[in-house]
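# Notes for the structure review
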Amino acid sequence: MKNYYVSGLCDGSRIDDIFLIHNKSLGYTQDGSPFVRMRLGDRTGTIDAIKWDVSEAACDAISSDEFIRVRGIVTTYNGRLQIKVDTFRPYNDRIDPTDFLPRSEKDIDEMLEEFKKIIDSVEHPQLKALLGYFFKDQEFLSRFSTAPAAQKIHHAYIGGLLEHTLSAAKLCEFAAAHFPGIDHDLLITGAVLHDIGKVEEFCWDKSIRYSDNGHLIGHVVIGAQMVKEAADTIEGFHPLLKSVMVHIMLSHHGEKEWGAAKRPKIIEAIILHILEDLDAKVNTFKQAVGKDTPVSESSLWTEKNWVFERPLFKGLPSEIMNPSAAGTQSIDELLEPDYNPFAEE
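Residues numbered from 1 in each chain as written. Predicted model: local features only at pLDDT ≥ 70, side-chain atom pairs only at ≥ 80, totals over all residues. Heavy atoms only, no water.

We now examine the pattern of salt bridges. Scanning all chains against the criterion turns up 15 salt bridges. For Asp 16, the salt bridge goes to Arg 69, with nearest N and O atoms at 2.9 Å. Note that Asp 16 is positioned in strand β1 (residues 14-28) and Arg 69 in strand β4 (residues 67-77), a separation of 53 residues in sequence. Using a relative accessible area of 25% as the deciding quantity, one classes Asp 16 as partly exposed. (Salt bridge = Lys/Arg side-chain N within 4 Å of Asp/Glu carboxyl O. Helix = DSSP H or I, 4+ residues; strand = E, 2+ residues; numbered from the N terminus. Buried < 20%, exposed > 50% of the residue type's maximum accessible area, 1.4 Å probe, protein only.)

The next point concerns the sheet that holds strand β2 (residues 34-42). Two pairing modes exist for strands in a sheet, parallel and antiparallel, and in both the strands are linked by backbone hydrogen bonds. Overall, mixed pairing links the five strands, which are arranged β1-β2-β3-β5-β4 in a closed barrel. Recorded for the sheet is a direction-independent mean angle of 50° between the axes of neighbouring strands. Two elements, β4 and strand β5 (residues 80-90), share 10 bridges in a ladder whose sense is antiparallel. In the sheet register, Tyr 77 faces β5, and the bridge partner there is Arg 80. (Pairing = 2+ DSSP bridges. Axes fitted to C-alpha atoms, helices over the stretch in contact; angles between N-to-C directions.)

The next thing to look at is the packing of helix α6 (residues 184-193) against helix α10 (residues 239-251). It is at 10 Å that the axes of α6 and α10 come closest, and there the two elements cross at 50°. Here α10 runs oblique to α6, going by the angle between their axes. In this structure, the crossing between α6 and α10 has a hand that is right-handed. Mapping the contact onto sequence places Leu 186, Thr 189, Gly 190 and Leu 193 in α6 and Leu 241, Val 244, Met 245, Ile 248 and Met 249 in α10. (Parallel < 35°, antiparallel > 145°, perpendicular 65-115°, else oblique. Left-handed = near helix turned anticlockwise from the far one by under 90°. Contact = heavy atoms within 4.5 Å.)

Examined against the element boundaries, Lys 116 turns out to sit in helix α2 (residues 108-120). C-alpha separation for the pair Lys 116 and Phe 135, spaced 19 residues apart in sequence, amounts to 8.6 Å.

Next up on the list: the nonpolar core. Core analysis: the largest hydrophobic core is formed by 59 residues, its most contacted members being Leu 130, Phe 134, Phe 135, Phe 144, Leu 193 and Ile 196. When residues of this core are traced back to their parent elements, those giving at least two are α2, α3 (125-135), α4 (138-146), α5 (160-178), α6, α9 (219-232), α10 and α11 (267-289). Residues contacting Ile 196, with those up to four places away along its chain left out, are Phe 134, Phe 135, Phe 140, Phe 144, Gly 223, Met 226, Val 227 and Met 249. (Core = buried A, V, L, I, M, F, W, Y, C linked by side-chain atoms within 4.5 Å.)

What follows is the structure, given as structure tokens:
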């Protein structure tokens, strides 16, 4: 079990612990002495590390996406914390993966129970069979419920795919009830299945990274292939319904420049794209701002966010949004006793 997590490190902390290597690079000082820079991480974040006077053989002995035991001290360099490494060595003993991968703050079992109820709400026999093909498979369900939804942007943590899919499905339930003429079963089936390709797009055993198929094909097409292959095994699955489901899978990113293979041409596909994108953007915003970041007059804004391409407002300070009861007055108390807005002057 780890003793020191990145989020708890401070200037002057002495450490002796295990970290995951996110990347490393060998460099040379002006006098030709080799040194190694590393980006180390755990479930709470990442930190730079540097080891001076390192041999090239020692550098070659460690690799990205492998574990390393580090002894050193935390210092501040250019306003950022880094570890000045005294010694390091590859670490090949047993580790707890949850020490190194971020995890959803929501309970996975509770989300699964809610998710299954949404699946059970689908009554169309062919769509129900399609959902059952995937989610009655316990091995698939286990991978789906632990998978991340992304490598870096939204829901990029263990359980993130389930959290995002559940939220998108709940938003689609509301839309199906709110807008007349929307096919509930088609929309909910699309919401539940839209990102299943991410089970094959990502690996998450040590770090969250793309699989070979993730790099070469991507979850949009992978998911569409999975749905087509599943529908082909279901007796009596209507060919047009299969094409519609494949279209929903291929179009859920909305625009081709955003990764869609087709632009949505079905109202349920349009709704799904907008709502799953909404959920992704809200999560991205919250992750960028930091839900627990203290707000003060000097820190109302984040740095420019590369996803939104702008600084983000952290929110109104608590003294504005939660004034003390003693400092509040009703509208009647603020007005003159005999004030009449309709009286002639």
